[in-house]
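This is what each chain is made of:
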Amino acid sequence: MGTFFVEVTLASPRQPERKEQLKLVVDTVSTYTWVSATFLHALGVQPMARRRVLTIEGRSVERPGAEVLITLEGRTLHTVCLFGEGGDLEMLGAYTLEGFGLAVDPVQRRLVPAILYGA
């Protein structure tokens, strides 16, 4: 899949008036959305849990996580976001994409409505 970026707006659920825009690489292999800890702390987002994940390099790492408000394509939802450290990519992960009902069009390098399956 080709790499592309999307512009999002992030905010703390506790302080939704404090929001900032940033560009994230779309990564459907990553379960979670990752944003630098510095950026999240500046918004007033505080870690609430820790998640163990396997990196693309095959390393098992643990990162703090929190719920954030994310605005994507004009809609705002809650999602889980991990606090990135130095060297971590900032990315929009599959958990967030599924929450928005979006999929990736790898040819056009854009997000499209997903076909979602129920029971």
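Residues numbered from 1 in each chain as written. Predicted model: local features only at pLDDT ≥ 70, side-chain atom pairs only at ≥ 80, totals over all residues. Heavy atoms only, no water.

Draft legend 1. Spotlight on the packing of aromatic side chains. Tallied over the entire structure, the rule returns 1 aromatic pair. Plain terms: the ring middles of Tyr-32 and Tyr-95 are 5.9 Å apart, the flat faces sit at 50° to each other, and that makes the pair tilted. Here Tyr-95 lies in helix H2 (residues 94-100) and Tyr-32 lies in the loop between strand E2 (15-26) and strand E3 (33-36), a separation of 63 residues in the sequence. Residue class for Tyr-32 comes out buried when judged on its relative accessible area of 15%. (Phe/Tyr/Trp six-rings, centres within 6.5 Å; stacked < 30°, edge-to-face > 60°. Helix = DSSP H or I, 4+ residues; strand = E, 2+ residues; numbered from the N terminus. Buried < 20%, exposed > 50% of the residue type's maximum accessible area, 1.4 Å probe, protein only.)

Draft legend 2. Here's a closer look at the side chain of Thr-33. Mapping Thr-33 onto the fold places it in strand E3. Judged by relative accessible area, Thr-33 falls into the buried class, the value being 1%. A distance of 2.7 Å separates the side chain of Thr-33 from the side chain of Thr-96, its partner in a polar contact. In this structure Thr-33 touches Leu-24, Val-80, Cys-81, Leu-82, Met-91, Leu-92, Gly-93 and Thr-96, once residues within four positions along its chain are discounted. (Polar contact = N/O pair within 3.5 Å; in protein donor to acceptor, adjacent residues only side chain to side chain. Contact = heavy atoms within 4.5 Å.)

Draft legend 3. Local environment of the pairing of strand E4 (residues 49-54). Where E4 and strand E5 (residues 60-72) come together, 6 bridges link them in antiparallel fashion. Across the sheet, the residue bridging to Ala-49 is Gly-65, located in E5. (Pairing = 2+ DSSP bridges.)

Draft legend 4. Geometry of the pattern of salt bridges. Within the structure shown, the criterion is met by 6 salt bridges. A salt bridge links Arg-50 to Glu-62; the shortest N-O distance between them is 2.6 Å. With a gap of 12 residues between them, Arg-50 in strand E4 and Glu-62 in strand E5 connect regions that are remote in the sequence. Between Arg-59 and Glu-57 there is a salt bridge; the shortest N-O distance is 3.7 Å. (Salt bridge = Lys/Arg side-chain N within 4 Å of Asp/Glu carboxyl O.)

Draft legend 5. Focus on unusual backbone geometry. Residue Glu-73 is not a glycine yet carries a positive backbone phi of 50°. Of note, Glu-73 is situated in the loop between E5 and strand E6 (75-84). For Glu-73, a relative accessible area of 54% corresponds to the exposed category. You will see that Arg-109, though not glycine, has its phi angle at about 55°, which is positive. The residue Arg-109 is located in the loop between strand E8 (102-105) and strand E9 (110-113) in this model. You can call Arg-109 partly exposed: its relative accessible area is 47%.

Draft legend 6. Quick look at the side chain of Thr-55. Residue placement: Thr-55 occurs in the loop between E4 and E5. Within the local environment of Thr-55, its side chain forms a polar contact with the side chain of Glu-57, the two groups lying 3.0 Å apart.

Draft legend 7. Here's a closer look at the pairing of E5. Note: strand E1 (residues 5-12) against E5, 3 bridges, orientation antiparallel. By the bridge assignment, Thr-9 is partnered in E5 with Thr-71. The loop that links E4 with its antiparallel partner E5 comprises 5 residues; one of these, Gly-58, has a positive phi angle of about 90°. Pairing between E5 and E6: 8 bridges, direction antiparallel. Across the sheet, Thr-71 pairs through a bridge with Thr-76, a residue of E6. Where E5 folds back on E6, the antiparallel hairpin that results is connected by 2 residues, among which Glu-73 adopts a positive phi of roughly 50°.

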